[in-house]
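If you want the building blocks of each chain, they are given just below.
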Amino acid sequence: MSPAARPPSDRVRVTASRGRAPRHTMRAVADELSDQTALGDLYVRGLMRAQLRLAASLLLLTVLLLGSLPIIFAIVPQTREARLGPLPLPWVALGVLVYPATVLLARYYVRASERLEAAFVDVIGRG
Amino acid sequence: MQLASVFAIAAVALATVSVGTLGLRMSRATSDFYVAGRAITPRRNASAIAGEYLSAASFLGVAGLVWQRGIDILWFPIGYTVGYLVLLVLIAAPLRRSGAYTLSDFAELRMESRPLRTFASVLTLGIAILYLLPQLQGAGLALRQATGWPTWVGAAVVVVVVFIAVAAGGMRSITLVQAMQYWIKLTAIAIPAFVLLAIWARGHTGEVDFGDWAIPRTDPIGLYTTYSTMLALCLGTMGLPHVLVRFYTNPDGRDARRTTVGVIGLLAVFYLFPPVYGVLGRLHLPQLAPGTRLDTMALQLPAAMTDGLLATVLTAILAGGAFAAFLSTTSGLAVSVAGVIDQDVLRPLLARRTGDDARGATSYRWASALAVVIPFVLSRVLEPLGLATTVTLAFAVAASTFAPLLVLGVWWPRLSTTGAAAGLAVGTACALVSLGSAFLRWTPEGWAGAVIGQPAAWSAPLAFTTMVVVSRLTPHRRPPHTNRTLNRLHTPESLLPP
């Protein structure tokens, strides 16, 4: 059947215009953020809490690893005189080992906190 | 002996001035002066921060104190390094996102209060001058040790070189200078350390008994001092005026974090070396030359372990490195002091006089002149304390004032303006007691001396608690735009409209 032969129909196909429909992309929630809505605040508070938890657990770990050393030296006298090969243990611990440990903690923190932010951006992007 | 050291010091000074003035051609706008137009990569910024941070206290002070007091001093460099970990975890990215250039800017932006800004500016000046004093005094001592010249010469050289570098190029050239100075300092402390270790290894015979010197203190006062010092250094780092300025030059919060990790790595490498001098000094330098100060111990060590040309060259390298330390820390502090004087004192004055057309760069140059001359005059008037002692006091002040303001400001929505002001006031008052007793040489024996001499363990918690309690009592004094500010501090830049 040729198009010309098709009988005129009352029915009209209705579709949503692609151009005017609100886009469900980043803008939507990103606007919530920049427009200071309660929802935007809520999203950021969630991220803040996650970051604060990460920071607090990292600081706690640092305090446990590092802050315990003077106490350990005080209550376990053997550690004060112990040797690591030819060198005294307290000097090796405080003069050398502490530094790579700090660098590792810092690197771990940066990765973890960038992951939190990436997840946040992802959620906002899907919202 | 003299000639080689003078030559090394002159070379470091000349390099600083020439790299500094090189920056002049690159910096045109006032924002270049302040923050290098914010276009500095994390790697170079990390070198610059480390270069600026490693002061005379790190280069000479720690070695001298280890020589004198033994293993407990190892906590100083640990604290200087872990301070950056605390800063990284608590404030690095949010602070960069706040867009604050100085601590005063942060106080005004977060607390929305002009009086609090003024308070923060006064505190910044106080801490910076406290930190500048030992740099200038140390420069005088180092030059006297190397050449026999009076102490004012060394301080004057630092003042002139820093003024030229800061006023000529501002922040961009300073960034180049500082990055270069980290590597100068690392080389200058590492090479003599390896050579001296080799000399020791060749001549050494059997076990050495160091006695109590090598064993950690375990009496209650010793433990208190260790923990209080650690708290001062860990919390104080974030409140030092020249540290915050550097974070502003990162492009965004993510880079601010990466820069901080770089800084920690660079500091970790550097701090392996100062204790080496302390230990070698213990072996080969039973007594300091009469009339010299503890802080010049490392400079005396090469001559005690070897002689002839080698000793001369090693001393010259150390003297040059020490001078790099004085120059870089002084210029970093001078930049931030100049920033405060310019923004909070000169600019408003000039604007009132001339309408609004005061030239930014001119007023900045006047500010940098004041920023080096005031500490110079003070350093001549005040009797010097030890390098590391004075620097640690500056950390303690920062830990009991700016640290609570920054941490609570970044993480706690309920912080009120009154609470912040009350906390700063309490922290300042505690710090003044400790400062006063140190400068008046009033040091009681036993517990009283330890508690006043190293106040951070009680003054920092007291300042934090005051801020929290007073904020709870004055909820109506919360800054009206707290939510907006916190959103800005914590939202990744990729989600913000450009």
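Details of the structure are given in the entry above.
Peer 1: Could you clarify how one ought to interpret the overall build of chain A in this entry?
Peer 2: For chain A, the helix and strand inventory stands at four helices and two strands. Helices (α) and strands (β) of chain A occur, in sequence order from the N terminus, as α-α-α-β-β-α. Counting across all 127 residues of chain A, residues that qualify as buried make up 22%. Of all intrachain contacts in chain A linking residues separated by at least 6 positions in sequence, the fraction that spans at least 24 positions is 58%.

Peer 1: I'm lost on the overall build of chain B in this one. Help?
Peer 2: Helices and strands together make up the secondary structure of chain B, namely 22 helices and zero strands. Oriented by its inertia axes, the alpha-carbon framework of chain B measures out at about 70 × 55 × 45 Å. Here chain B, with 498 residues, has 60% of them falling under the buried criterion. Intrachain contacts of chain B at a sequence separation of at least 6 include 84% that bridge at least 24 residues.

Peer 1: Where do I start with the interface of chain A and chain B in this structure?
Peer 2: Put simply, an interface is often sized by how much accessible area is lost when its parts join up. With 42 residues of chain A in contact, the opposing surface of chain B contributes 40 residues. Listing elements by their share of the side of chain A that touches chain B, those giving two or more residues are α1 (26-34), α2 (38-75) and α4 (89-126) of chain A. By residue number, the principal contributor to the side of chain A that touches chain B is α4(A), which donates 21 residues.

Peer 1: Please explain the nonpolar core as it appears in this structure.
Peer 2: Soluble globular proteins tend to bury their nonpolar side chains together. Residue and element names in this part refer to chain B. Ranked by size, the top nonpolar core spans 189 residues in total, and within it V158, V162, L267, A319, A322, F323 and A399 carry the most contacts. Of all the elements, helix α9 (residues 151-203) adds the most residues to this core, at 21 residues. Ignoring any residue separated from it by four or fewer positions in sequence, one finds A399 in contact with L231, A232, L235, G236, G239, A456 and A460.

Peer 1: Help me understand the environment of A421(B) in this model?
Peer 2: Residue and element names in this part refer to chain B. Relative to the assigned elements, A421 resides in helix α19 (residues 417-439). C-beta crowding within 10 Å serves as the criterion here: with 21 such atoms nearby, A421 is assigned to the buried category. Discounting residues that sit within four places of it in the chain, A421 has contacts with L116 and F119.

Peer 1: Before we go on, may I ask you to explain the packing of helix α8 (residues 114-147) of chain B against α19(B) in this structure?
Peer 2: The geometry of a pair of packed helices is captured by two quantities: the angle between their axes and the separation between those axes. Residues and elements named next belong to chain B. At a closest axis distance of 11 Å, the pairing of α8 and α19 adopts a crossing angle of 25°. Our classification of the angle between α8 and α19 gives roughly parallel. Like other packed secondary-structure pairs, α8 and α19 cross with a definite hand, here left-handed. Of the residues in α19, those in contact with L116, F119 and L123 of α8 are T417, A420, A421, L424 and T428. When grouped by side-chain class, the residues that make up the contact of α8 with α19 number six nonpolar, two polar and no charged.

Peer 1: What is the right way to read helix α21 (residues 456-473) of chain B from this model?
Peer 2: Residue pairs three or four apart in sequence face the same way in an α-helix, which turns once every 3.6 residues. All names here are of chain B. Over its 18 residues, α21 extends 25 Å from the first C-alpha to the last, a length consistent with the 26 Å expected when each residue adds 1.5 Å. All of the buried residues in α21 are A456, A457, S459, A460, A463, F464, T466, M467, V470 and S471. Considering only its buried residues, α21 is in contact with α10 (220-236), α17 (387-400), α18 (402-411) and α19.

Rules of the game
Residues numbered from 1 in each chain as written. Chains lettered and ligands numbered in written order. Predicted model: local features only at pLDDT ≥ 70, side-chain atom pairs only at ≥ 80, totals over all residues. Helix = DSSP H or I, 4+ residues; strand = E, 2+ residues; numbered from the N terminus. Buried ≥ 20, exposed ≤ 12 C-beta atoms within 10 Å, placed from the backbone. Contact = placed C-beta atoms within 7 Å. Core = buried A, V, L, I, M, F, W, Y, C linked by C-beta atoms within 7 Å. Axes fitted to C-alpha atoms, helices over the stretch in contact; angles between N-to-C directions. Parallel < 35°, antiparallel > 145°, perpendicular 65-115°, else oblique. Left-handed = near helix turned anticlockwise from the far one by under 90°. Nonpolar A, V, L, I, M, F, W, Y, C, P; charged D, E, K, R; others polar. Expected span 1.5 Å × (residues − 1).

Purely spatial values, then, with no claim about function.
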